[in-house]
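Report on the structure
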Amino acid sequence: QVQLVESGGGLVQAGGSLRLTCAVSGRGFSDYAMGWFRQAPGKERECVAAISVIGSFTWYPDSVKGRFTISRDNGKNTVYLQMNSLKPEDTAVYYCAARRGGPNVWTLSRAYDYWGQGTQVTVSS
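Residues numbered from 1 in each chain as written. Predicted model: local features only at pLDDT ≥ 70, side-chain atom pairs only at ≥ 80, totals over all residues. Heavy atoms only, no water.

The next thing to look at is the sheet that holds strand 3 (residues 18–25). As summarised here, the arrangement of the four strands in space is 1-3-8-7, forming an open sheet in which the pairing is antiparallel. Both edges of this open sheet fall to strand 1 (3–7) and strand 7 (68–73), since each of them pairs with a single strand only. Between one strand axis and the next, the sheet turns through 15 degrees on average, direction left out of account. (Pairing = 2+ DSSP bridges. Helix = DSSP H or I, 4+ residues; strand = E, 2+ residues; numbered from the N terminus. Axes fitted to C-alpha atoms, helices over the stretch in contact; angles between N-to-C directions.)

Okay, here's the thing in C-alpha cells:
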C-alpha cells in the first residue's frame, strides 16, 4: 500500500515562497509518476505540476509556469513543489498524487491512484 504525506504548507505574504514536500511510503516509488494538485473553495481540483517516473518530463499550467517547480528524489521517496512569487489566487489545499507506471506526465486527477491528505497554502495580499 502506498501512502503519501504532504508537508510545508502555511501562511505567506504575496511574493513569498513555500516548498511543499510529499513523502511516499511503500515500495516502488521510482515506478510512480507524481503530481501536485490544488483545490480552492468552490473550485475544481486542478493540476499545478506533474513529473514523470524518473523526472525526465515535467508539466505546468500557464497559471504557475515560471513560478512553480516540481522535482523528485527517488532515493528519498520524496517529491517537492517549490513555489515562488506566490499570489493570493494560489491559496488552496495542495495535494500530492501518485500514479503507477508509464513514462508520461499525467494532468487529470482521475489518472492518479493514490492521494495525500492535503496541506493548506494561504497567500495574503
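Moving on: the packing of aromatic side chains. Taken as a whole and assessed by the stated rule, the structure comprises five aromatic pairs. Centroid distance Y32 to Y114: 6.1 Å. Interplanar angle 70 degrees. Geometry classified as edge-to-face. Residue Y32 is found in strand 4 (residues 32–39), and its partner Y114 is found in strand 10 (residues 114–115); the two are separated by 82 residues along the sequence. On the basis of relative accessibility, which here comes to 24%, the residue Y114 falls in the partly exposed class. Through a chain of ring-to-ring contacts, three or more aromatic side chains come together here, namely F37, Y95, Y112 and W115. Over the ring of Y95 we find R45; its NZ or CZ atom is 3.9 Å from the centre of that ring. The ring of W115 is capped by R45, whose NZ or CZ atom sits 4.8 Å from the centre of that ring. (Phe/Tyr/Trp six-rings, centres within 6.5 Å; stacked < 30°, edge-to-face > 60°. Buried < 20%, exposed > 50% of the residue type's maximum accessible area, 1.4 Å probe, protein only. Lys NZ or Arg CZ within 6 Å of the ring centre and 35° of its normal.)

As a further point, take the pairing of strand 5 (residues 46–51). Burial runs high along strand 5: five of the six residues are buried. Pairing of strand 4 with strand 5, which is carried by five bridges, proceeds in the antiparallel orientation. The partner of W36 across the bridge, within strand 5, is A49. What sits between strand 4 and strand 5 in their antiparallel hairpin is a turn of six residues, with G42 showing a positive phi close to 80 degrees. When strand 5 meets strand 6 (residues 58–59), the two strands line up antiparallel, connected through two bridges. The residue bridging A50 from the neighbouring strand is W59, located in strand 6.

Just distances and angles here, no functional claims.
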